Amino acid sequence: RAARPALTAREVQVLGLIALGHRNKQVAAALAISEETVGVHVKNLLAKLNVNDRTAAVHLGLRHGIIHIS
């Protein structure tokens, strides 16, 4: 089993909201941050997870137990 990627607490929050289907504008509103900041978080977490898109990031997040859907 691969090692769990190290994401910041905020990146985990962003990934969790993405997993719920939120777009950057919705994530920004939920976390009271700018859309630009959300974009930076998304870019960073994609790089850390070594994936090219949000769907793959959610898949990896779920597989590694970083996020949970309930």
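The structure we're discussing is the one just above.
Residues numbered from 1 in each chain as written. Predicted model: local features only at pLDDT ≥ 70, side-chain atom pairs only at ≥ 80, totals over all residues. Heavy atoms only, no water.

Participant: Could you clarify how one ought to interpret the environment of valine 14 in this entry?
Facilitator: The residue valine 14 is located in helix α1 (residues 9–19) in this model. For valine 14, a relative accessible area of 0% translates into the label buried. C-alpha of valine 14 to C-alpha of valine 27: the two residues are 13 residues apart in sequence and 6.6 Å apart in space. Non-local contacts of valine 14, meaning those with residues more than four positions away in its chain, are made with Val27, Leu31, Val38, His41, Val42 and Leu45. (Helix = DSSP H or I, 4+ residues; strand = E, 2+ residues; numbered from the N terminus. Buried < 20%, exposed > 50% of the residue type's maximum accessible area, 1.4 Å probe, protein only. Contact = heavy atoms within 4.5 Å.)

Participant: Looking at this model, I keep getting lost on α1. Mind explaining?
Facilitator: For an α-helix, 3.6 residues make a turn, and residues three or four places apart therefore share a direction. Those residues of α1 lying buried are Glu11, Val14, Leu15, Leu17 and Ile18. What you see down the axis of α1 is that its buried residues fit within an arc of 160°, all on one side. Where the residues of α1 are buried, they touch α2 (24–31), α3 (35–49) and α4 (54–63). Looking one or two places after α1, you find glycine 21, whose phi comes out positive at around 95°. (Arc of directions from axis to C-beta.)

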